[in-house]
Each structure stands twice: as C-alpha cells, then as structure tokens.
Amino acid sequence: MKKVLIGIIVCLLIFNAQAQSQTRKRVITGKTLEQQTNTPVEFANVLLYNAKDSSLVEYTSTAVGGGFSLEIDKTGAFYIEIASIGYEKKQIPLSLTDASEQTIALGDIDIEPASLELSEVAVTGQRRQIVYKLDKRVIEASGFLSAAGGTAVDILAQTPSIRVDAEGEVTFRGSSGFKVYIDGKPSSLEGTIALEQIPAGQIENIEVITVPSARNDADGTAGIININLKKQALDGWSGMVNVMGSTELSRNIDFLTALRQNDVRWQVSGEASRRYRRSDFDQMKTVTTPEMITTDHSFGTRESYTDTYMLRTGADWYKTNTTWSAAAEVGYRDRWRGGELKYEDTYRVPGSDEVTDDFFQGDDYVRLNGWLLRGDAGFNHRFAKEGHRLTGTLYALYENHALEYFETNLYDMAGKRAQGHKAWEEEFRLTSQLNLDYVLPLATQEDKFEAGYQFYTYTEDGDYRIDMFDPSEGDFVRRDDLYNRYVFRRDIHAMYAMLSNTWQRFSYQIGVRGEYTYRKLANNLKWAEHRLHNFGLYPSVHLALALGNGARTNLSYSRRITQPQLFYMEPYIVYVDYYTAQRGNPFIKPEYTNSVEWGYNQNFGSNTLTGTLFYRARKDKIERVRVPYQTGVTLDSMANVGSDYASGAELSTMIQLNKWWNLDANGSLYYYKVKNEYKIDGQDAESWNWQLAVNNNFDIGKTTRARFEAYYVGPSVNSQGRIEDFFYMNLTVRQQLFNRRLIASLNIRDVLATAQYNSVQRNSQVESLTSIIPQSPVFTLTLSYTFNNFGGSQRAERVNHDLFEGTNR
C-alpha cells in the first residue's frame, strides 16, 4: 500500500512538473531598426504564428523606441512576423522547448523599407509614400515622381488636407498657422516662405505632426512640418546635382555633396534658383462710402518670381558616447510680385442716378530682399543605459538690411501720371533659440520620462518711409506724418515633461508644456505701443493600440497657440496697388486651438489603407479683413474675427494593381464653420470643404516611368467671402540613363488648362469679385545626376496648386 501511495505521489509530482513546464510563461524581447538608417521603427506589428498551420498565437506592437515584449506559455515551432506600413515584412523562426530560457532576447532586428519592382531587371527603392506613426505622418520624398525640380511645397501639395492657394500660400485643414523645422531645428524663415526655399531633390522625407506632443514648440495651430534632408550613411564621397528649366522661365540648380570618414561626417549644399509664376488677372471691386460709390474694374497680367541663393555646410563628429555637430548657412533671397493693369472706374453719389467714369493704366510691384547668416551647434550625449540621453542645440540667425519696397504708378490713357506711391521698409532681425532635452528610461526602454527647456528670442529693428505723388507739385512728396520707426521683441521661456510607456499592444504618451511669453512693440506712433505678458499650459495625449494583422489605431489630443507674426501688427499704411492699401493691427491677440484626432491604418500585402477623423476648435481666429479706406480705396488689415471649427475625415490608399501599374489616391472631407465676432463687419459662414487627388504610376519599361495626376480642390469660406473650386491635371515622364545615375524628367502642369481661381469677398461696404487664370500648360525639364552612395531617386517637375498670381489684391 505504501508503495502504491509513493507511486501515486511520484506520478502527481511528474504530472505537475510537466504542467508547470507547459504553462510556464516565457518572454520574447527585441528591437526593430530600419536597416539603412539604424533608427527605431515605432509601432510595427509583432505577430507570433504557429509554424504548423500559421495560426495566430499572440501579437503586440513596438514601442516609441522600437522595442517590444511578447509573452507565450506554449512550446513548439513558431515564427515571428514583423510588419509595418512602409517596410518589407520580416519573419524570424523560433523554437521553444521545455529547456528554453525564460527570457528569449532576439536583439536588434533590421527591417527594410518597402520597395516596388520597376521591372524584372531594374529595381528602384520606391518607399511607401506616407508612413503613419504615433504622433506624425512621414512623407517619403522619393515616392513623389513629379516633385523634383520644385520645393517642399510640391511634395506637401500631394498629401491629404494640404491646400496651396492662388498666391502659393500653404494651408493645412484651412489653417496657415504651422511651424517649419529642418532636421528638427527651426527654419530660418516662416511658413510657406520657408518651404519654398528647400529643393525637393535634397529632401529625404517630411514629417507632418498634426497633433504635436508637449515636447514640441506650442506655436502653430495646424502643427509642425519637419523636413529631414538627405545625409550620407556610408563611408566615402557622394553627391547629387539637379538642374531644372521651364517654359514659364523658372530655373533651378542645386547640389548636395557629402563625405563620411571614420567618426566624421561633413556635408555641403547649395541652390541658385528663380521660381516664376504668371497669371491673367480680372477683378471687379465696389466700395461704398457715405460720399461715393466707386466701382473699379482692373484687368491685366500678374507676375511673381522668387530668387534664392543659398550655401549650407555642416559637420557631425561621433566621439565615444557623444555626437557633436555644427553648421553654417549664408544666403540671399529676392521676392518680387507685380504686374501691369488697366482700370475702368465708375463713380456715383449715393441717392443719385448720375454716373461718371474714368480710365487709367498702371503698374505696381512689391519687392522683398535681404541677406541672412545662420550658425548652429549641438550635442547628443548617450549615458551607459540604453535610451538614456541628454541633447542640446543652439542656433542664431542674423538678417542684415532686409528691404521691403512697394511702388504703385497710375497714369491716364495719354500716359500722364495721375497718382503713385513709393515706400521703403528697412529691417535688421536677430533670432536665437536654445534647447535642452533629457530622456530617462524607467523600468524598460519603452517606459521613459522626458523633460526639457527652451528659450527663444526675436528682435526686429525697422524703419518705414513713404512718398506719395502730389499732382500740384508734379512729383513725389515724403509723407512725414506716415513715417514709422519701430523695435519689436518677443521672448519665450518654455518647459515640458512627458511620460510614455508600452504595455503589450497598448502605447501611451502624455505630457504638459508651460510657456511664458513677453512681447513688446515700441514705435513713434504712441497709440500703437504695447507690452504683453502671457503664460499658458499646453497638454498633449497620444494613445495607440495594435490590432493585429497589420492594423493599428491611435487617438491624440493637444492644445496649441499661434503667435501673430510681426507683419500682422505693423501699424503703418502700405499700398499693394493704388486701390488696395494694407495696415497691421498692433493689438492682435494669439490664436488658441484644441485638436483631437483618431486614426486607423491597415496594410494588405503591398496595399495600404489609412483613415483619419479630426476635430479642431480655434479661438480668436486671425484673418485678413477688407474695409473702405478712402474713395475707391480699400484697406486690408488683420483682426481676431471670432472662432472657427473644423471636423472631418481623411482617407488615403496605395494599390498595386499589377506589376506595371500603381495607384495612390487621397481625399479629405471636412465641415468648416466660422462664428464671426468681428465688430466692424463680417458674418458667420460655413461650408463643406473637400479635395481629391488620384495619381497613377506606370512602369513603361525597365528604366521608364510615367505618372498621371488629377486634382480637385473644393470650395472654401471665411468670415467675408468664398473661394470657388478648381480642377487640373499633370503628366510626368521620367527616363533613367547611364545605369540610373542620370534621370531626365519632363512634366506638363495643368495639361488641359482647366485651372481657374475665382473668389468673392463681401461685406456691407466692400464687394470684390476676382478671377485668376494661370498661363497654362507649363512644360518643365529636370535633369538629376547622382554619384557614389546617393542612389537616384524619382524626380520630375514641381506639382502643386501654386498656379495663380494676383490673389493678394
């Protein structure tokens, strides 16, 4: 009996040991890295399959630092598949037995960017055009065939919810309040102007951060656009040269060369370009005052060009656990806008039927030019623990003798001068910014605390003079009563703290940023002098969940501020043409925005589908408004017109229809409403806004590719008017030569000449009806040559909605 009991106990112990062995949980860890750049691949799907029947056993996603952790309580043959939009899938075989360690460390796992075959022989590395991450979307520049020869604007114009108006101004979801960064550092210029200065051929990718975290600068309603330039990753020399010319007389040459030797990387780049735009202009403007009702019909040609000459150089020194960096930039920029118009004017006294008319001809132009000099320095120190680091950056920008010149000339039909203005604004500007950022990993590398400090300062010293034509003198006379000398300064001190972590398939990132702003405007117009002290808190929340099978969803929230630019506040009068004057508003307030965004993306083999729902509420919206100034003359100024709200959806897809045909499409639909609180004039307005882009890529042969693009941009509204919809198409053909080192691209913009810009601006005293037709089609030829380690990327001519000239009237 005792032997039987002992036998039973032994059997039970063995059974229990086997059960424990079978149910013992093991942890599989690893870290995903992009093979070419050695950077973490965030929020990739990590799926564990049974090797026998490919059934899904468990899954998770990589965290912010690329790491992942997966638990399993089974033994047998398995394989791990890592999938992420924009990358090739990677499979890793795995065998687990009772003797396997409790922790299986796979280490660093390299995954390759997704590529599409051009043919059976010639293969090009065409990455997915847009890759979605927790708090941003990454736009791969090489995926946009028709962007070469252009600028960053041309790449962004082909992405969801980006709109480029007739003046070339970029807006995102109806807002132009975005910040531009280059390689994570603030650009020397603002907004659209900054984007126009960066050649598309030098761009690796563009990060669009629609709901920025507390780590980022709080300024910018629409978020942040960070442009990452191409860099040398392998040892030795490499470089590229791009040359472009068009029937519109635009031309560009830019180059980039780099050397990496051991622990030092050095790079130099430059650009010399003129980007030209020409349109036929027609405007009917009626101004009503108690004394007179004036109707001015102006028509003619509007032109603009931007000359850019830039030279940049920089170096990185990799020393033990610290990387030191330094860079310098010198440049000259000249922006001209003007045209020759004819004027047909009618005048009528209110209450009278008597009408008089007059006819004039004239020309006007605005020119802005100046030199800039910039220096950057920084360091990145890595402590012993993985992910533990301290980063510091400093830059200073000096703009010397920046000159803004305005001139209008009005003549009667016999050629005798009737009126005119000449104005000069000479400026000296100094900008500087210091950043310190600290990252401390906690329990794991994915569980981390971040904190930082930022100091920003901007000073501008300006002198404004204006001469007006005096018919009695027969000459221009200085208007000392309109002279303005001013000094503007803005200082911002900011601190932030963030906490992020990943738990199985769920990731989160929460943070808060505090900013103190000091603003001062001093000038000889005492009524316009003021000082402003302001403190604000700007929280952010980002949540993400990996759903398995290549799908992921995320939810984000942030609060933002848009600081008014100085030209919004300049209190003196300038003339765009004789009938259109402009003046800033020195007391304009900042905009405040709350944004919520939910996103979902799914990949199906080589196909992708991405959707986004968003809501944005903005307080104290800044907008240009138009009111009567003098008889027949309107005054444009800036005002906080009230609040606006935007809510809608974006959808994009990329489909490989067959080996030679790839289609990518994106569209957006959102409801926009303005609640007007402007005291002088204006009204509530609302509209449904939509746009659609459908792009077809055709592989014609081993080294030949074509792209056909169709764009529809829907109507939009503001507090005083409406912009109508327009449609156009582009065609690009690209030919690779000399083992794909030389690429020739021919682009035809607005192939059928269908683009036409029509707008109406209306209140109780002013009505403006404007029609602008670009001179189309435009043919552009681009040649791109690369050597050594810079592979030939897919380039052609610029394509955006930057078709019209003359909307700023």
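Residues numbered from 1 in each chain as written. Predicted model: local features only at pLDDT ≥ 70, side-chain atom pairs only at ≥ 80, totals over all residues. Heavy atoms only, no water.

A. Inspection of the overall build of the chain at higher detail. The helix and strand inventory of the chain stands at three helices and 46 strands. Classification of the 809 residues of the chain by burial places 56% in the buried group. The long-range share in the chain, meaning contacts at least 24 apart out of those at least 6 apart in sequence, stands at 67%. On the chain, roughly 33600 Å² of surface is accessible, and the fraction owed to carbon and sulfur atoms is 57%. (Helix = DSSP H or I, 4+ residues; strand = E, 2+ residues; numbered from the N terminus. Buried < 20%, exposed > 50% of the residue type's maximum accessible area, 1.4 Å probe, protein only. Contact = heavy atoms within 4.5 Å. Areas by Shrake-Rupley, 256 points an atom, 1.4 Å probe, with all protein chains shown as cover.)

B. Quick look at the layout of surface pockets. By volume, the second largest pocket amounts to about 500 Å³. In this structure, the second largest pocket is lined by 24 residues; those nearest its centre are Phe68, Ser69, Leu70, Thr502 and Gln504. No other element matches the five residues that strand 4 (residues 67-72) contributes to the lining of the second largest pocket. Here the lining of the second largest pocket is composed, by residue class, of five nonpolar, eleven polar and eight charged. (1 Å grid on protein atoms, 1.4 Å probe; cavity = no way out; pocket = protein on both sides within 12 Å on 5 of 7 lines; lining within 4 Å. Points joined across faces, edges and corners; volume = space filled by probe spheres on them. Nonpolar A, V, L, I, M, F, W, Y, C, P; charged D, E, K, R; others polar.)

C. Region of interest: the nonpolar core. Judged by nonpolar contacts, the single largest core of 30 residues is most densely connected at Tyr464, Ile466, Phe488, Tyr575 and Ala581. Sorting the residues of this core by element identifies strand 23 (355-382), strand 24 (389-412), strand 26 (448-470), strand 28 (484-503), strand 32 (574-577), strand 35 (607-630) and strand 36 (633-658) as the ones contributing at least two each. At five residues, strand 26 tops the list of elements feeding residues into this core. Once you skip the residues sitting within four places of it in the chain, phenylalanine 488 turns out to touch Tyr458, Thr459, Glu460, Arg519, Lys520, Leu521, Leu566 and Met569. With 23 residues, the next largest nonpolar core counts Ala152, Val153, Ala200 and Ile227 among its residues. (Core = buried A, V, L, I, M, F, W, Y, C linked by side-chain atoms within 4.5 Å.)

D. Broad picture of the sheet that holds strand 3 (residues 56-61). The strand order across the open sheet built from four strands is 3-2-5-6, with neighbouring strands paired in antiparallel fashion. Lying at the two open borders of the sheet, with one neighbouring strand each, are strand 3 and strand 6 (90-96). Strand-to-strand twist in this sheet, taken as the mean axis angle between neighbours without regard to direction, amounts to 20°. Sheet topology places strand 2 (residues 45-50) next to strand 5 (residues 76-83); six bridges connect them, and they run antiparallel. Paired with asparagine 45 across the strands is alanine 83, a residue of strand 5. (Pairing = 2+ DSSP bridges. Axes fitted to C-alpha atoms, helices over the stretch in contact; angles between N-to-C directions.)

E. Inspection of the side chain of glutamate 623 at higher detail. Residue placement: glutamate 623 occurs in strand 35. Among the polar contacts listed, one links the side chain of glutamate 623 to the side chain of lysine 621, at a separation of 3.5 Å. (Polar contact = N/O pair within 3.5 Å; in protein donor to acceptor, adjacent residues only side chain to side chain.)

F. View of a negative patch on the surface. Judged by side-chain charge, Glu88, Asp108, Asp110 and Glu112 come together as a negatively charged surface patch. Among the structural elements, glutamate 112 can be located in the loop between strand 7 (103-111) and strand 8 (116-117). (Patch = residues over 30% accessible without salt bridge, like charges linked within 9 Å, V, L, I, M, F, W, Y side chains within 5 Å. Salt bridge = Lys/Arg side-chain N within 4 Å of Asp/Glu carboxyl O. Lys, Arg positive; Asp, Glu negative; His and termini not counted. Charge placed at Lys NZ, Arg CZ, Asp CG, Glu CD.)

G. Just the pairing of strand 45 (residues 766-774), in detail. With nine bridges connecting them, strand 20 (residues 264-288) and strand 45 associate as antiparallel partners. For aspartate 282, the partnering residue across the bridge sits in strand 45 and is serine 771. Bridge analysis of strand 44 (residues 757-762) against strand 45 gives six bridges, and the strand direction is antiparallel. By the bridge assignment, arginine 762 is partnered in strand 45 with glutamate 767. Taking the residues that link successive antiparallel strands as the turn, the strand 44-strand 45 hairpin has three residues.

H. Representation of the pairing of strand 14 (residues 178-182) within the structure. Of all five residues in strand 14, four are buried, a share of seventy percent or more. In textbook terms, the turn of a hairpin is the stretch between consecutive antiparallel strands, and for strand 14 and strand 15 (residues 185-186) this stretch comprises two residues, one of which, aspartate 183, has a positive phi near 55°.

I. Seen up close, the packing of aromatic side chains. In the structure shown here, the tally under the stated rule is 22 aromatic pairs. Their ring planes at 15° and their centres at 4.0 Å tell us that tyrosine 464 and tyrosine 572 sit as a pair that is stacked. Note that tyrosine 464 is positioned in strand 26 and tyrosine 572 in the loop between strand 31 (551-562) and strand 32, a separation of 108 residues in sequence. Between phenylalanine 726 and tyrosine 728, the ring centres sit 6.4 Å apart and the planes meet at 15°, which makes this aromatic pair stacked. Judged by relative accessible area, which is 5%, phenylalanine 726 ranks as buried. (Phe/Tyr/Trp six-rings, centres within 6.5 Å; stacked < 30°, edge-to-face > 60°.)

Read these as spatial facts, not as claims about activity.
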